[in-house]
Structures are given as C-alpha cells and as structure tokens.
Amino acid sequence: MMQRFVDAVLAVTKESVKTVTYESLNNIARLINGVSAILLTILPAKANVLEGLHGWELRPTFRGPRLPRWMENGVSSFNKFIHELPVDSDTSSMDYSSTEEDGDGMYPPTPSSQCSRMSRASTFSRNRGHSTGWTIFLFSWILFPLRFLLGIPIRFCRLFYIRRSTASPRGSHQNSPLHTVKKIHSIRDHVIHRTTDRRRGVIEDLHLAIEVFIEVIFDFFHKAAHFLLSPSEVLKAICRWFLSWTRGNEDTHGGVSDRSIPAATLGEDDPAPTETKTTLHNSLNTDARTCQDVITELGYPYEAIHVITSDGYVLLLERIPRRDSRKAVYLQHGILDSSMGWVSNGVVGSPAFAAYDQGYDVFLGNFRGLVSREHIEKKISSQKYWRYSINEHGTEDIPAMIEKIHEVKSAELKISQPDLEEETNDDQRYKLCAISHSLGGAAMLMYVITSRIEEKSHRLSRLILLSPAGFHHDSSLVFTAFEYMFLPLAPILACFVPAFYIPTRFFRMLLNKLARDFHNYPAVGGLVQTLMSYVVGGDSSNWVGVIGLPHYNMNDMPGVSIYVAHHLAQMKRAKKFRMYDYGSASANMDAYGFPEPLDLGENYGFIDIPVDLVAGKKDNVIRPSMVRKHYKLMKEAGVEVSYTEFEYAHLDFTFSHHEELLAYVMSRLLLVEPAQKQLRNEKSLRLRRKGQTNF
C-alpha cells in the first residue's frame, strides 16, 4: 500500500515538474520571438528584404512538386495515393540505371545510395585539423557557456540511450523476428534522411534534455523508495542480475562485446542480417543528406566520380547518368555552395532534373574548399590546403572535371555507338554545355579564355552564365567597406585564418539546428533574414532557408579561402575582371610571364562559343549593371552573346522554384544539337539545294 502511495506521489510530482519546466521554456522562446518581432518592425527597409520570401518560407523544403511530369495535368486520388507511397518507404538502397529509360541494357546499373555520410567517402582519408590551435582555443572559451548549455541534451541522450540499451535482454532481438524488423526500420529511419525535414531545433533539444533529466532523477528516487520499502525484492533482482552477468561473460569467453543490432540492406546479394553498431549521432536529428541522397530518393540514377587535379586536390564530380546520350550538361555552383543547389527544389523545380528529363547526361561539379580538406596528401595543413584563389578554380578544378567528363563520355559512346561518325575537328562524339552561377561563371570564363590562349580544346559548345562574378565595382556600401578593410589586412589574416568556415562539428551542428528554430519561430527567422540581407547589400534572397540546406551540416560544409575573398576585393578595386595579383611584378612574372595579371575582360575575343548571360533585377550581390559589363565587352569582342534579366535576387537562380528560368535555360540548351544530327542536317540541306539547282 505504501509503495503504491509513493509511486502515485512521484508520478504526480514528475508530471508537475515537467509541466512547469516545459511552460517556462516555451515562455522564454515566446519572449525571444516577441522581441524579435518588435525589432523587425522598427528596422528600416524590411519590406524590400523580405519581399522574396513568399509566406515566410524560411525552411529549406526542397519545394518542387512531388508529382512527376506525366501527372501534372490531373490525377485520380487513388493514383496520387499510390505515387506518394514511395515517399514513406525506403528507396535509398535500390539500384537505378539510366538504361531503364533508354532501353539499352549494355551498361551496369549506377551505384546505389548508401548512408548519407558514405556518398563522399573515398580512399583518401579526411583530415580533421580544421584550424590553427589558438583560433579554436579562443572560440571555445568565448562560446563556452553556449556550448555547455547546448551540450546538455547530448549528455542526457547518451545517458538515456545507455539505460534503454541495458534494460532490454541481450537475446531479445534474435528471439523476436517482428521486433527485429521494427528495430531495423527504426534505425534506418534515423540513418537515412529523406526529403522530409526531420531535424530538431535547439529549443526542441532542450525540451528533450529536460524530459530525460526529469526521467532520470525521478527514476532514481523511485528505485530508492522501492529499495527502502521492499528490500527483499531488490536483493532478488540483484541476484538475478549477477547470475545473468556471469552467464553473459561465459558466453563471450571473457571478452567485451559491442552492442549491435541485426540489419539487412535491400538489394544485397546475401540478404541475411548483419551486425551494425549503433551510434549516438543518429539521435541528434541533424540533416546530413547529400546530393546523392536527394537524387536517389527522387528516383533518379546517380554516379559519383572522384577527380584529382594536377595540384593534388580531390574533387567530387556527381552525375545523373544517361550513358548513351550525346547531349551532356555540366553545372557548376558558386561561392559557399555545392552541387546541392542544383537539386534542392525537387523533381520539377531543379535545373539538374529538368536537364535530365530533356535527355541530357547531367554532371554536377564541386569546387575545392570543403572543411574535410580532401587531398592526396593525407595530412595536409590548413595553411597549405586553403592557399588558392579563383585562379585555381578556373585553371585547375574545371579543367580536371571537364577532362574527366570527356574521358567518361568518349569511352561510353565508343562502346554503345561504335559506328558513330566523329567530328572532323576532334574526337568529341558528344556536345557539352555548361551552366554556371556566380563565382562558377567567373571561373568558367577564365577556363575558356586560358584554354584558348594555350591553344587547348575547352570541349564546350555553349555557356549559360547565371549572374556571373567578375565585375564588382558597382556594389553596396557594405561591400565597399569590406574592400577597403580587407585589402590591406588579407596578407596578415592569411597567416592566422586561412579560410572562412565553421571549424568544429559542434558549431556546425548548432548552425544546422538553429535553421530549424528560425522556421519554428518566424519572427526570429525574419530578424536573422533581415540582418543577413543588410550584410549583403539588401539582397532579398532566402538566406535563412539556404543556411538550412543539408550541405551546411555537422559532418562537412563548404568554406571560402581568404585568397578567394582577396581576389574578389582586388577585382572590385581594379574595376577589372582579371586573374589574381600576387602583389609584386616579380611574383606575377613567375606566375604569368608578365608583370601584371592577365585581364580576362580584354581577352573576351578568345571566346569561340555562344554565351547566354542572365541577370537578376533584385540581385544586390552581383548587380545587373555588372552582368551588362560582361555583355558589352563580349559584344565588342565579337562573341555571340545574349543578355536576359529576370525579377530575381542572387540565390533565386538556384534555390528558388522559377519555371520561367528553367524554360529559358532549357531553350538555350536545345539550341545545341548533337554532332551527328548536325552533319545529317547539313547533308540533307546540300542534297535539297543540289536537287533544286538541277531542277
């Protein structure tokens, strides 16, 4: 009787404490949100900053419609239900092959998607010394209170996980097949992140930490009361535990066994369950999806190609393959971005999927500059790894990836189409177009010009440049102030801070979780959006939504070399699109053979392919006047160039769903036809002219 009374008192007290703490935390969150709303109302020009956010869409949702193109004109409720079933099922382990649509079974299926952390795995080890020691030490002490507070959920999750693991019998997984299947699905739901955003924010983590803490404390008092009121039962439980422990030691021959669960992967040759170790990181609910996960989850084929540059950097060239297609497109991202930007809007809203649906073999390039520092030199230092400018993007990264594309496509087409008539000028059996955004556009122009100067083939048939970098003298006051402060300080900063990035996993996880909180509390998200927009000159791009994209995750993220930032400041000061200035005539002579760096704008005459320039009227990062500067110089140099403007901000070219942009880009790509078709058209035209003459 006394035991029941104590249990009832403890239960009521526990629920009361939970209610008080939950409400206190919620009131604090509401207070922060309210203060943010007040600040947001008094900030100037907030309407212009937030006008691009349709309905406070601050969370990255991969917002393209889920229905494929064949269902756009209407679909019955039953078909819609059937189509939505795979969204909740596990499709990440299935093999996809580009030959399924093309009807050619000559090629093996493309690699299947594994865990989100495996897509960037390679034979090259990743180095984790991300920054100099004093920088990490300084940040750690400055942000120690915040780190301690937010580290509480992790500690209690570990404690709660250990308690739950030791409470279950050792053989329960093997004795209950139904329980095994449920456990497999539970672990898989934690490991494989689908297109649905399942992250927990910082506030949600604090809720979880409070719950775990309260459960642990009251569980201790409950057991203590039970021991005092029923000591005989406690002694029996201790004896049973001791006997089971000794038997467990005999079964393992004195060894210490790791906790593991049976798991099987769909599509393996041997479907028998294997032992998979569980880790705490799966319970942190961060979004660590990669471009591979997004592509395969939407039902497209995927292939990863590792490319090594001439200076030893390891790049990831990703592909949505159509192996027998003779139309290929290469998409290159901009600064602080990755290939994720080209697929982040789902099936219908993403340029990569739109190009694939039009029959193109799609290649997604990734520049050097990741926190993981992938390099053939396994223990490369931060100072050495980050010592590169835009020069290396245009003369090392892009050439290496395009040559790899040429190697792959030539080998595949030679097998699938051996009787294909080759072009008369080279051995290229396919047409390759390039789509680039921001910094990727500047690097692409640098690649084409330097290749032509060196009399090398650039292998491209058309360039589509979305808000390309290069000219920056017409910019906001913030960028001008940055230029004046950064130019004299960059050589000094480079000795201590080689790049701009978040150095530790904890703070990268914190950024990923805060993006979730910005969605849950719209006033806070709007305030952060407004402040970030002020920093970039009032550009109304969805900056908060972009921060929440999975390529800013706790495992890896893109960074910016201080030399890349210095290069941009140099071009802004010089009002020219030119290569990196090494600071002295002798250093420039060693690099270029001239005392001054090469002015790329004055060498636009070397561009021998059509170029389509696209500017955003709301773009305050690279203003339309700067894109028109490219257009004017190209026109004067005799380049076949076009210029178009859309009502976009800077990031709308990749991260927003705009049908008119996709329609325009696809129309420009379709202007380039495969070589064989062009030759046949020319032959038929000659025959027609000859027949008309004879007649």
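Not measured: the values here are computed from a predicted model.

### Some thoughts on the environment of glycine 616
Part 1 of the argument: By the element assignment, glycine 616 lies in strand β11 (residues 611-616).
Part 2 of the argument: What makes glycine 616 buried here is its relative accessible area of 0%.
Part 3 of the argument: Measuring from C-alpha to C-alpha, the distance between glycine 616 and leucine 466 comes to 8.5 Å, with 150 residues separating the pair along the chain.
Part 4 of the argument: Other than its neighbours up to four places away in sequence, glycine 616 contacts Pro624, Phe646, Tyr648 and Phe653.

### Observations concerning the side chain of aspartate 539
Part 1 of the argument: Relative to the helices and strands, aspartate 539 resides in the loop between α19 (522-535) and α20 (543-547).
Part 2 of the argument: Arginine 623 is the oppositely charged side chain nearest to the buried, salt-bridge-free aspartate 539, at an N-O distance of 8.5 Å.
Part 3 of the argument: Polar contacts involving the side chain of aspartate 539 include one to the main-chain amide nitrogen of histidine 650, which spans 3.2 Å.
Part 4 of the argument: With residues up to four places along the chain from it excluded, the contact list for aspartate 539 reads Ser533, Lys618, Asp619, Asn620, Val621, Ala649 and His650.

### A word on the sheet that holds β11
Part 1 of the argument: One open sheet accounts for eight strands, arranged β3-β4-β6-β5-β7-β8-β11-β12; its pairing is mixed. Whereas interior strands pair on both sides, the edge strands pair on one side only; in this sheet they are β3 (303-308) and β12 (641-646). Adjacent strand axes in the sheet meet at a mean angle of 20 degrees, parallel and antiparallel pairs treated alike.
Part 2 of the argument: The sheet contact formed by strand β5 (residues 327-332) and strand β6 (residues 361-365) spans five bridges and is parallel. Residue tyrosine 330 lies in a different strand from β6, and its bridge partner there is phenylalanine 363.
Part 3 of the argument: Strands in contact with helix α15 (residues 390-416) are β3, β4 (314-320), β5, β6 and β7 (431-437); relative to β4, the strand with the most contacts, it is inclined by about 45 degrees.

### A closer look at the packing of aromatic side chains
Part 1 of the argument: A full pass over the atoms with the stated rule returns 19 aromatic pairs.
Part 2 of the argument: A ring pair is formed by tyrosine 385 and tryptophan 386, whose centres lie 5.1 Å apart and whose planes are at 85 degrees; its orientation type is edge-to-face. Of the two residues examined, tyrosine 385 and tryptophan 386, each falls in the buried class.
Part 3 of the argument: Cluster of aromatic residues (ring-pair linked, three or more members): Tyr313, Tyr385, Trp386, Tyr388 and Tyr501.
Part 4 of the argument: Here the guanidinium or amino end of arginine 368 rests over the ring plane of tyrosine 313, the centre of that ring lying 3.8 Å away.
Part 5 of the argument: Over the face of the ring belonging to tyrosine 484 we find arginine 573, whose NZ or CZ atom lies 5.0 Å from the ring centre.

### So, helix α17 (residues 477-493)
Part 1 of the argument: Here α17 spans 22 Å end to end across 17 residues, near enough to the 24 Å set by a 1.5 Å rise per residue.
Part 2 of the argument: Of all the bends in α17, the greatest, near 45 degrees, is centred on phenylalanine 486, and the proline proline 488 appears no more than four residues after it.
Part 3 of the argument: The complete set of buried residues in α17 reads Glu483, Phe486, Leu487 and Ala490.

### Digging into a nonpolar patch on the surface
Part 1 of the argument: A cluster of nonpolar side chains, namely Met2, Phe5, Val9, Phe227, Leu228 and Leu229, defines an oily patch on the protein surface of about 620 Å² accessible area.
Part 2 of the argument: Residue assignment for the nonpolar patch shows that the elements contributing at least two residues are α1 (2-42) and α9 (202-229).
Part 3 of the argument: Assignment of secondary structure puts phenylalanine 227 in helix α9.
Part 4 of the argument: What makes phenylalanine 227 partly exposed here is its relative accessible area of 41%.

### Quick word on the UniProt feature "transmembrane region" (unreviewed entry) in the protein
Part 1 of the argument: The sites that UniProt annotates as "transmembrane region" (unreviewed entry) are residues 134-154 and 484-503.
Part 2 of the argument: Span residues 484-503 is 50% helix and 10% strand, its end C-alpha atoms 27 Å apart.

### Regarding the packing of α9 against helix α18 (residues 505-520)
Part 1 of the argument: The contact between α9 and α18 brings their axes to 7 Å, and the two run at 100 degrees. As the angle between them shows, α9 and α18 are arranged roughly perpendicular. Only Leu510, Lys513, Leu514, Arg516, Asp517 and Asn520 of α18 make contact with α9, whose side of the interface consists of Val202, Ile203, Glu204 and Asp205.
Part 2 of the argument: Partitioning the contact of α9 with α18 into residue classes produces four nonpolar, one polar and five charged.

### Brief notes about the pattern of salt bridges
Part 1 of the argument: Counted according to the given criterion, the structure contains 26 salt bridges.
Part 2 of the argument: Notably, a salt bridge pairs arginine 319 with aspartate 361, separated by 2.6 Å at the nearest N-O pair. Residue arginine 319 is located in strand β4, and its partner aspartate 361 is located in strand β6; the two are separated by 42 residues in the primary sequence.
Part 3 of the argument: Owing to a relative accessible area of 0%, aspartate 361 belongs among the buried residues under this scheme.
Part 4 of the argument: For aspartate 474, the salt bridge goes to arginine 623, with nearest N and O atoms at 3.1 Å. Remark: arginine 623 occurs in the loop between β11 and α23 (624-636) and aspartate 474 occurs in the loop between β8 (462-466) and α17; sequence separation between them is 149 residues.
Part 5 of the argument: One salt-bridge network, in which partners are shared between bridges, spans Glu303, Arg319, Arg323, Asp361, Lys409 and Glu412.

### A word on the nonpolar core
Part 1 of the argument: Ranked by size, the top nonpolar core spans 79 residues in total, and within it Tyr330, Leu460, Leu463, Tyr604, Ile607, Val611 and Met634 carry the most contacts.
Part 2 of the argument: Counting residues per element, this core draws most heavily on helix α16 (residues 439-453), which supplies nine residues.
Part 3 of the argument: Apart from the residues within four sequence positions on either side, isoleucine 607 is in contact with Leu445, Val448, Ile449, Met634 and Val639.
Part 4 of the argument: Ranked by size, the runner-up nonpolar core spans 36 residues in total, among them Ala352, Ile435, Leu466 and Leu669.

### What to know about the environment of tyrosine 313
Part 1 of the argument: Summarising the element assignment, tyrosine 313 is placed in the loop between β3 and β4.
Part 2 of the argument: Sequence separation between tyrosine 313 and tyrosine 385 is 72 residues, and the spatial gap between their C-alpha atoms is 8.5 Å.
Part 3 of the argument: Setting aside its immediate chain neighbours within four residues, tyrosine 313 contacts Val307, Ile308, Arg368, Glu374, His375, Lys384, Tyr385, Trp386 and Tyr388.
Part 4 of the argument: From its side chain, tyrosine 313 meets the backbone oxygen of tyrosine 385 in a polar contact 2.4 Å long.

### Quick word on the pairing of β6
Side chains on a regular strand alternate between the two faces of the sheet.
Part 1 of the argument: β6 sits mainly inside the fold: five of its five residues count as buried.
Part 2 of the argument: Here β6 shows no split at all, with Asp361, Phe363 and Gly365 on one side and Val362 and Leu364 on the other all buried.
Part 3 of the argument: Strand direction decides the pairing type here: β4 and β6, joined by three bridges, are antiparallel. Looking across to β6, one finds that glutamate 318 is bridged to leucine 364.

### Comments concerning α1
Part 1 of the argument: With 41 residues, α1 ought to run about 60 Å at 1.5 Å a step, and its terminal C-alpha atoms sit 60 Å apart, in line with that.
Part 2 of the argument: Along α1, the residues classified as buried are Gln3, Val6, Leu10, Lys18, Leu25, Asn26, Ala29, Asn33, Ser36 and Leu40.

Rules and cut-offs
Residues numbered from 1 in each chain as written. Predicted model: local features only at pLDDT ≥ 70, side-chain atom pairs only at ≥ 80, totals over all residues. Heavy atoms only, no water. Helix = DSSP H or I, 4+ residues; strand = E, 2+ residues; numbered from the N terminus. Buried < 20%, exposed > 50% of the residue type's maximum accessible area, 1.4 Å probe, protein only. Contact = heavy atoms within 4.5 Å. Lys, Arg positive; Asp, Glu negative; His and termini not counted. Salt bridge = Lys/Arg side-chain N within 4 Å of Asp/Glu carboxyl O. Polar contact = N/O pair within 3.5 Å; in protein donor to acceptor, adjacent residues only side chain to side chain. Pairing = 2+ DSSP bridges. Axes fitted to C-alpha atoms, helices over the stretch in contact; angles between N-to-C directions. Phe/Tyr/Trp six-rings, centres within 6.5 Å; stacked < 30°, edge-to-face > 60°. Lys NZ or Arg CZ within 6 Å of the ring centre and 35° of its normal. Expected span 1.5 Å × (residues − 1). Bend = angle between axes of the 7 residues up to and from the residue. Patch = residues over 30% accessible without salt bridge, like charges linked within 9 Å, V, L, I, M, F, W, Y side chains within 5 Å. Areas by Shrake-Rupley, 256 points an atom, 1.4 Å probe, with all protein chains shown as cover. UniProt positions renumbered as here; feature names shortened; annotations may be inferred. Parallel < 35°, antiparallel > 145°, perpendicular 65-115°, else oblique. Nonpolar A, V, L, I, M, F, W, Y, C, P; charged D, E, K, R; others polar. Core = buried A, V, L, I, M, F, W, Y, C linked by side-chain atoms within 4.5 Å.

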